[in-house]
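Residue strings, one per chain:
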Amino acid sequence: MFKAVARIFRTPDLRRKIGFTLGIVALFRLGSFIPAPFVDFGNVQTCLAANQGTSGLYELVNLFSGGALLQLSIFALGIMPYITASIIVQLLRVVIPHFETLHKEGASGQSRLTQYTRYLTIALGVLQSTTLITVARSGALFGTSTVAECGQLITNDAWYAILLMVITMTAGTGVIMWMGELVTERGVGNGMSLLIFTSIASTFPSSLWLIAQTQGFETFLAVLAVGVAVVFGVVFVELSQRRIPVQYAKRVVGRRTYGGNNTYIPIKVNMAGVVPVIFASSLLYLPALIAQFNQPAAGQAPAGWVTWINNYLVRGDHPLYMLMYFLLIVGFTYFYVAITFNPEEVADNMKKFGGFIPGIRAGRPTAEYLDYVLTRITLPGSIYLGVIALLPLIALVAVGANQNFPFGGASILIIVGVGLETVKQIDSQLQQRHYEGLLR
């Protein structure tokens, strides 16, 4: 293992790529602490000190921005607009035939879809930065904090100041998108994923230290032990797959013989990745968002439905919230897998090139068999996603460490998934140069 790591730094090209990636990551983290124009940095830090956990409404966005959201920095939106835009463009392939045609065109079509994703990212950046600034001006960004406790977060309410802040945060989103593409082209690859990895990993030390301070050293050790077990479990499931054997008949074209080899179709247990967790979290945040903008005036009692939402659908420690969260994740897992994996398309491609599954006729019977296997293997995958997503909520009930519990939810899925993919990228580049990779 150590020899393989030493080979990485002895290879000039790979050493240059890793150095470039680390430089981009350092710039990305630096931008997370530079405040946007007309933001009172001192008052923001006072609010952060008074509220160690974020409210549920902004928890996911703050996680993906590495804490930059609540800092109101130039990179406050983080990578979240790009993630949302990518998911929307992927879902639109089902609705808009032109998008599906572009997806099947190969590299040229993919470049067009990437361009559409960039445009949509900028549009979402404008929308989200406007919402963030509006919430910050109202004093509701930190949940329980009020203007009297922390002071004004934004020092200038003039229209030109608000416009400048929106432009700055949107430009920050564009710069982050550009950084991710640079890492993909000139670094070790997976640029966007690595920036998300960096954002989430940067919150781990402070979260663990806060648990040690507030809950005691014994609870801290218990959380570490649970974290190690969860990481092992996530790695095991993420690498698990059902391999469906495929045989290709021999074809003679001229004097050459093609095919005749055996391969397999890998169907992962967790084919949906972290997307169902993001979908379910976003959907459950909508009632809290509506309730937050329908708060009564001073001295008046809130409406009954607002009180019900605040009691059951905000913090996440109620069994009803956990049950709805779990069921939404299971449902969205089946929905997303059905969109991203088309058994009929796979069966048609196999039939076109002379491939077949042993014991299954080509064509429609193959599509039905793939759909049968996919449906069965998605069930344990969806349950696994639901259990992992519930870990922070269980930690809230057990040790009172909801937002400070790093080993669960979307964070651990992204950390493990990106880590495994990055190791594979470095391993493949080592094998190209030394015929021996990082892994054995």
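Residues numbered from 1 in each chain as written. Predicted model: local features only at pLDDT ≥ 70, side-chain atom pairs only at ≥ 80, totals over all residues. Heavy atoms only, no water.

The protein chain appears in an unreviewed UniProt entry as Protein translocase subunit SecY from Herbiconiux flava. What UniProt records for the protein chain under Sequence similarities (unreviewed entry) is the sentence "Belongs to the SecY/SEC61-alpha family." In its Subunit (unreviewed entry) section, the UniProt entry covering the protein chain states "Component of the Sec protein translocase complex. Heterotrimer consisting of SecY, SecE and SecG subunits. The heterotrimers can form oligomers, although 1 heterotrimer is thought to be able to translocate proteins. Interacts with the ribosome. Interacts with SecDF, and other proteins may be involved. Interacts with SecA." (UniProt positions renumbered as here; feature names shortened; annotations may be inferred.)

J.: Outline unusual backbone geometry, listing residues and values.
T.: Of note in this structure, Phe38 is not a glycine but carries a positive phi near 65 degrees. Assignment of secondary structure puts Phe38 in the loop between α2 (12–31) and α3 (41–50). Since its relative accessible area comes to 29%, Phe38 is described here as partly exposed. (Helix = DSSP H or I, 4+ residues; strand = E, 2+ residues; numbered from the N terminus. Buried < 20%, exposed > 50% of the residue type's maximum accessible area, 1.4 Å probe, protein only.)

J.: I'd like a rundown of the sheet that holds strand β5 (residues 355–356), residues and numbers included.
T.: With antiparallel pairing, three strands are arranged side by side in an open sheet as β4-β1-β5. Each edge of the sheet is formed by a strand with only one pairing partner; in this case those strands are β4 (262–268) and β5. Note: strand β1 (residues 241–248) against β5, two bridges, orientation antiparallel. Bridge assignment links Gln247 to a residue of β5, and that residue is Phe356. (Pairing = 2+ DSSP bridges.)

J.: Any details on helix α16 (residues 319–340)? Residues and values, ideally.
T.: Turn by turn, an α-helix covers 3.6 residues, leaving residues three or four places apart pointing in a common direction. Over its 22 residues, α16 extends 32 Å from the first C-alpha to the last, a length consistent with the 32 Å expected when each residue adds 1.5 Å. Among the residues making up α16, those that are buried are Tyr321, Met322, Tyr325, Ile329, Val330, Phe332, Thr333, Tyr336, Val337 and Ile339. (Expected span 1.5 Å × (residues − 1).)

J.: Quick rundown of a negative patch on the surface? Include the residues and the values.
T.: Taken together, the side chains of Glu344, Glu345, Asp348 and Asp371 make up a negatively charged region of the molecular surface. For the negative patch, the element with the most residues is helix α17 (residues 343–352), which contributes three residues. With respect to the helices and strands, the residue Asp371 is situated in helix α18 (residues 364–399). Its relative accessible area of 40% is what places Asp371 among the partly exposed residues. (Patch = residues over 30% accessible without salt bridge, like charges linked within 9 Å, V, L, I, M, F, W, Y side chains within 5 Å. Areas by Shrake-Rupley, 256 points an atom, 1.4 Å probe, with all protein chains shown as cover. Salt bridge = Lys/Arg side-chain N within 4 Å of Asp/Glu carboxyl O. Lys, Arg positive; Asp, Glu negative; His and termini not counted. Charge placed at Lys NZ, Arg CZ, Asp CG, Glu CD.)

J.: With reference to specific residues and values, describe the nonpolar core.
T.: Soluble globular proteins: nonpolar side chains tend toward being buried together. If you look at the biggest cluster of nonpolar residues, it comprises 74 residues, and the most contacted ones within it are Val234, Ile267, Val277, Tyr325, Ile388 and Leu413. Per element, the largest residue contribution to this core is eleven residues, and it comes from α18. Counting 19 residues, the second largest nonpolar core, distinct from the first, contains Val44, Ile133, Leu153 and Val166. (Core = buried A, V, L, I, M, F, W, Y, C linked by side-chain atoms within 4.5 Å.)

J.: Residue-level account of the pattern of salt bridges, with values.
T.: Taken as a whole and assessed by the stated rule, the structure comprises seven salt bridges. Taking the shortest distance from any N to any O, the salt bridge between Asp13 and Arg16 comes out at 3.2 Å. Here the residue Asp13 and the residue Arg16 both occupy positions in helix α2, the gap between them amounting to three residues, near one helical turn. Taking relative accessible area as the criterion, Arg16 reaches 56% and is therefore assigned exposed. In this structure, Asp157 engages Arg137 in a salt bridge whose closest nitrogen and oxygen atoms are separated by 3.4 Å. Here Asp157 is found in the loop between α9 (147–150) and α10 (159–186), whereas its partner Arg137 is found in helix α8 (residues 107–138), with 20 residues between them in sequence.

J.: Give a detailed account of the packing of α2 against helix α11 (residues 191–201), specifying residues and quantitative values.
T.: Look at α2 against α11: their axes get within 11 Å of each other, and the N-to-C directions meet at 50 degrees. Relative to α11, α2 is oriented oblique. When the axes of α2 and α11 are compared, the crossing they make is right-handed. Two secondary-structure elements touch here, α2 through Thr21, Val25, Phe28 and Arg29 and α11 through Leu194, Leu195, Thr198 and Ser199. (Axes fitted to C-alpha atoms, helices over the stretch in contact; angles between N-to-C directions. Parallel < 35°, antiparallel > 145°, perpendicular 65-115°, else oblique. Left-handed = near helix turned anticlockwise from the far one by under 90°. Contact = heavy atoms within 4.5 Å.)

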